[in-house]
Protein chains: 2
Amino acid sequence: MTDTRPSATTPDAYVLGVDSGGSGLRVALGRAGSDGPLSTAVCAEPVRTGTGGIDAAHLLEQLLPVAAELLERAAAGGGRPANGPAGEGPTASGPTRDGSVRVAALAVGAAGMATLGGRLRAELPGALSAALGVRRLALAADAVTAYAGAVGQRPGAVVAGGTGMIALGTDLVEWRRADGWGHLLGDNGSGAWIGRAGLEAAMRAHDRRRGGSPALLDRLRAVFGPAEELPGLLYPRSDRPAVLASFAPEVAACAGADAIAAEILRRAGVHIAEAAAAVCPKDGAEADGGCEVALTGGLFRMGEPLIGPVREELARLVPQARVTTGTGDPLTGALRIARALATDDLRLPHHPTMLSVQNT
Amino acid sequence: MTDTRPSATTPDAYVLGVDSGGSGLRVALGRAGSDGPLSTAVCAEPVRTGTGGIDAAHLLEQLLPVAAELLERAAAGGGRPANGPAGEGPTASGPTRDGSVRVAALAVGAAGMATLGGRLRAELPGALSAALGVRRLALAADAVTAYAGAVGQRPGAVVAGGTGMIALGTDLVEWRRADGWGHLLGDNGSGAWIGRAGLEAAMRAHDRRRGGSPALLDRLRAVFGPAEELPGLLYPRSDRPAVLASFAPEVAACAGADAIAAEILRRAGVHIAEAAAAVCPKDGAEADGGCEVALTGGLFRMGEPLIGPVREELARLVPQARVTTGTGDPLTGALRIARALATDDLRLPHHPTMLSVQNT
């Protein structure tokens, strides 16, 4: 279905990027023909997930007023950020009342899209077309928006690390994914993995097994209290991976002076390199100056004690790899995908669950 | 408080051992003066645990009719096992109606006694005295009854392995404990640990990371279905450690032909040896023919692929250690503790939560 209405591709057509994650919903407004966001907004309430998947109605309830306000402000010539949900003013649902196309394309990146995105895929196109005049819609896994933010539309690989860890790579023909299986089946090298390894080393010091770290035991006691009471604190929690990950910065802080903590970070770096190596595109990268491997997400704020080992191990596994950090975030990635959609320039591979595109 | 009634210590006085675990309540009846049980019974319903700890009323509800029936049968000259909860017959609560001392001592071993045993310690002495004429009562952590069953009342160490793993040792002055911290903080080498390592190696084969085992991936698919759907199956379960441990036999089955599976068992054996080494009594053991380290529990049914590495590593860490297997179970241990109590011969160290003794 080719769209011929000129407003979809004029450089001043609006595009929207949306990033839905555990800490809330973030929205960025931009224009099809220029880089960067005009303005961004944050809704602090995470979108609900139920047995039917990600709650499309809850997402729309938060997104629509914010998007409408961003559009109104942009139309009024202002670009200042909206820092919360907008009120239901008379213009909040107005953009499409005159039938004009206000938003040429919108891209949503969401955690759990692959397994939980069914309702979004079914309900969002109609609702966004009706409310905002959205003509093209992309629904992307959060790893894909992380990729688009960090690497853009070139071949390469991204490692997105936080409480969990996933690697995603593409040669622009297909996606390859490694790890991201959660704290019991993988996420090797993630915040939860590092924190758990640190707590294990602390418990080993507590009961005098080999491999214990007295420094990490000190940190455990400072953060959680007596070591023997930690199981009773941890296991009843429903956010166990986050509790484990909360100890990762303690491991990083000890790594300078404690050999066991340093070794945990080194092993984490090896795991991260293994995941990156598994998804690096094999062909064509060398001609283009090597395979770009972008490290993104809060995990890599640990800096060199973690990134150094990633770089070293990756040099062994994929000599042509080139590690980058400090690149764009998933919201930037969502906006880039929306812009590429609006200008018929989406080069990242379509995929039923990772990156699905619909005309609305 | 010294008890002078002769019935407490006559060789034909009855003693009861109780083992309360995840798979139900088991009861053994014996006599103070002779080894082994006269008869045993099983209640398949596990004792409930609430916010107040192990539910003393629920334990008594199951234990009392069974104990009464075992006593009745023994008095009638029969020793055949009772294989289920006894009915509430006219004699079920009869043993103490005449005021006679029917049970000289009773020992209960329970999982979670250390942290959850408060209600048992408060409520059991009075109730058991009233209902069965129990005069001495021991409340023991399940690791202590495992020790008593496997090692008896000598110095040494036990490793109790199943879904979890804990090591306990004593020089008969104090207890030393290592690991048993649960599947996120330790239990290194346990069934959950081995199963998790096996599933991780399978997922690595699935996404083509280094360290993957195609053989374990085949077993994962045979047991759980498609690999990418395993996270969705595992994480919503409340019995995740048991699900992980259910894969441990698959790892053991692959270990003969698969180097990665064999290496998982080898590392598990090293972890188990480390825990045993941390609790081996340091003094006096050499004179007595070495420190006995008993391996007990379902984990060690894996046999040599696991026990071999334990023995090898332990020989390095504690040269005087002597590994034994196939020794008595925790129910045997509970009965032994009861018998020792009845005959004033308890040599295992008292401890507020590990092994508390009360006259009733």
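Residues numbered from 1 in each chain as written. Chains lettered and ligands numbered in written order. Predicted model: local features only at pLDDT ≥ 70, side-chain atom pairs only at ≥ 80, totals over all residues. Heavy atoms only, no water.

Looking at an unreviewed UniProt entry, one finds chain A named ATPase and attributed to Streptomyces rhizosphaericola.

Student: Looking at this model, I keep getting lost on the packing of aromatic side chains. Mind explaining?
Tutor: Ring pairs (aromatic) are described by centroid distance and by the angle formed between their planes. In total, this model carries 4 aromatic pairs over all chains according to the counting rule given. A ring pair is formed by Phe224 of chain A and Phe247 of chain A, whose centres lie 6.2 Å apart and whose planes are at 40 degrees; its orientation type is tilted. Linking Phe224 of chain A in helix α6 (residues 214-224) with Phe247 of chain A in the loop between α8 (240-245) and α9 (248-254), this pair joins segments that are 23 residues apart in sequence. Among the residues examined, Phe247 of chain A registers a relative accessible area of 0% and is labelled buried. An angle of 85 degrees between the planes, with centres 5.3 Å apart, marks the rings of Tyr147 of chain B and Trp175 of chain B as edge-to-face. One end of the pair, Tyr147 of chain B, is in helix α4 (residues 142-150); the other, Trp175 of chain B, is in strand β10 (residues 175-179), and 28 residues separate them in sequence. The same class applies to Tyr147 of chain B and to Trp175 of chain B, which are both buried. (Phe/Tyr/Trp six-rings, centres within 6.5 Å; stacked < 30°, edge-to-face > 60°. Helix = DSSP H or I, 4+ residues; strand = E, 2+ residues; numbered from the N terminus. Buried < 20%, exposed > 50% of the residue type's maximum accessible area, 1.4 Å probe, protein only.)

Student: Honestly, the sheet that holds strand β3 (residues 39-43) of chain B in this entry has me stumped. Any pointers?
Tutor: As a general point, the strands of a sheet are linked pairwise by backbone hydrogen bonds and lie either parallel or antiparallel. Residues and elements named next belong to chain B. The strand order across the open sheet formed by 6 strands is β3-β2-β1-β6-β7-β13, and the pairing between neighbours is mixed. Strand pairing shows two members of the sheet lacking a second neighbour, β3 and β13 (355-359), which therefore form its edges. Averaged over neighbouring strand pairs, the angle between their axes works out to 15 degrees when direction is ignored. In terms of strand pairing, strand β6 (residues 103-110) meets strand β7 (residues 136-141) through 6 bridges, oriented parallel. Across the sheet, Ala107 pairs through a bridge with Ala138, a residue of β7. Across the face of the sheet, α4 comes into contact with β6, β7 and β13 while running at roughly 105 degrees to β7. Relative to strand β1 (residues 14-21), helix α12 (residues 330-342) is tilted by about 145 degrees, and along the sheet it contacts β1, β2 (24-31), β3, β6, β7 and β13. (Pairing = 2+ DSSP bridges. Axes fitted to C-alpha atoms, helices over the stretch in contact; angles between N-to-C directions. Contact = heavy atoms within 4.5 Å.)

Student: What am I meant to see in the interface of chain A and chain B here?
Tutor: Accessible area lost upon the coming together of the parts serves often as the stated size of an interface. Each partner contributes to the interface: chain A provides 35 residues, whereas chain B provides 35 residues. Of all residues in chain A, Trp181, Leu184 and Leu185 of chain A give up the largest surface area on contact with chain B, accounting jointly for 26% of the area buried on that side. Counting across the chain A and chain B interface gives 8 salt bridges. We note a salt bridge from Glu274 of chain A to Arg210 of chain B, for which the minimum N-O separation is 2.9 Å. Counting across the interface, chain A meets chain B through 29 residue pairs in polar contact (both at pLDDT 80 or more). Broken down by secondary-structure element, the contributors of at least two residues to the side of chain A that touches chain B are β10 (175-179), α5 (191-206), α7 (230-234), α8, α10 (259-279) and α11 (304-317) of chain A. (Buried area = accessible area lost by both parts, 1.4 Å probe. Salt bridge = Lys/Arg side-chain N within 4 Å of Asp/Glu carboxyl O. Polar contact = N/O pair within 3.5 Å; in protein donor to acceptor, adjacent residues only side chain to side chain.)

Student: Honestly, the packing of α4 of chain B against α12 of chain B in this entry has me stumped. Any pointers?
Tutor: Packed helix pairs are specified by the crossing angle of their axes together with the interaxial distance, meaning the distance between the axes. Residues and elements named next belong to chain B. As a packed pair, α4 and α12 sit with axes 6 Å apart at the nearest point and diverge in direction by 85 degrees. Relative to α12, α4 is oriented roughly perpendicular. In this structure, α4 contributes Val144, Thr145, Ala146, Ala148 and Gly149 to the contact, and α12 contributes Pro330, Thr332, Gly333, Ala334, Arg336 and Ile337. Considering only residue class, the contact of α4 with α12 consists of 6 nonpolar, 4 polar and 1 charged. (Parallel < 35°, antiparallel > 145°, perpendicular 65-115°, else oblique. Nonpolar A, V, L, I, M, F, W, Y, C, P; charged D, E, K, R; others polar.)

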